[in-house]
Amino acid sequence: MEKRLLSPDDIIEALKRATNSYEGAEERWQERTRRGLTDEQLEEALAYELGTAGGSGGRDILSVEYCRSGLKIWAGWEGTNSYRDRPVLEGKRTMMLAREVYGIADPTDAQLAMF
């Protein structure tokens with residue numbers, strides 16, 4: 001059987017699942033989007049939502065594993081192994097995609113102040 005590759009949408013789904021595993025996460029992301037976050041604040045928010053470590057998976061669904069250390073997220077259609085596999089998102093890449101997916105502006109960005 002041919003290995004199913006991850007699409008960009010799969011990686012977005014992995015980010016959303018990893019950063020919405022705690023109760024109230026959706027409301028926290030809405031508030032963060034409303035007020036904007038600096039890079040430091042976004043890193044803290046992601047670390048909080050990712051927690052020490054977690055994951056989910058099952059038959060015929062995307063498997064996702066994540067941890068706050070390094071803001072790492074693993075994903076795969078045939079399961080994940082955080083000891084063997086490279087994360088699909090890590091560090092600054094996790095932060096950049098979170099900004100894009102959640103629409104979180106950086107209030108210190110001088111370019112934004114022009115608009």
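In what follows, the structure referred to is the one given above.
Because the structure is a prediction, the values reported are computed rather than measured.

*Asks:* Please set out the nonpolar core residue by residue, giving values where relevant.
*Replies:* Counting residues in each nonpolar core, the largest one holds 25 residues, and the members touching the most others are L15, W29, L42, L46, V64, I73 and L89. Elements with a minimum of two residues in this core: α1 (8–18), α2 (25–35), α3 (39–50), β2 (61–67), β3 (72–76) and α4 (92–102). When residues in this core are grouped by element, the largest group, five residues, is from α3. Ignoring any residue separated from it by four or fewer positions in sequence, one finds W29 in contact with T19, N20, L42, A45, L46, E49, Y102 and I104.

*Asks:* Outline unusual backbone geometry, listing residues and values.
*Replies:* A positive phi angle is found at D60, which is not glycine, with a value near 65°. Position of D60 relative to the elements: it lies in the loop between β1 (54–58) and β2. Although it is not a glycine, L71 sits at a positive phi angle of roughly 50°. Residue classification places L71 among the buried residues on the basis of a relative accessible area of 4%.

*Asks:* Can you break down the layout of surface pockets residue by residue, with the values?
*Replies:* What the largest pocket holds in volume is close to 250 Å³. Lining of the largest pocket is provided by 15 residues; of these, K3, A75, G76, G79 and D85 occupy positions nearest its centre.

*Asks:* Any details on α4? Residues and values, ideally.
*Replies:* Of all the positions in α4, only T94, M95, L97, A98, R99 and Y102 are classed as buried. The inward-facing, buried residues of α4 contact α1, α2, α3 and β3. Two residues or fewer past α4, G103 is found with a positive phi of approximately 65°.

Cut-off values and rules
Residues numbered from 1 in each chain as written. Predicted model: local features only at pLDDT ≥ 70, side-chain atom pairs only at ≥ 80, totals over all residues. Heavy atoms only, no water. Core = buried A, V, L, I, M, F, W, Y, C linked by side-chain atoms within 4.5 Å. Buried < 20%, exposed > 50% of the residue type's maximum accessible area, 1.4 Å probe, protein only. Helix = DSSP H or I, 4+ residues; strand = E, 2+ residues; numbered from the N terminus. Contact = heavy atoms within 4.5 Å. 1 Å grid on protein atoms, 1.4 Å probe; cavity = no way out; pocket = protein on both sides within 12 Å on 5 of 7 lines; lining within 4 Å. Points joined across faces, edges and corners; volume = space filled by probe spheres on them.

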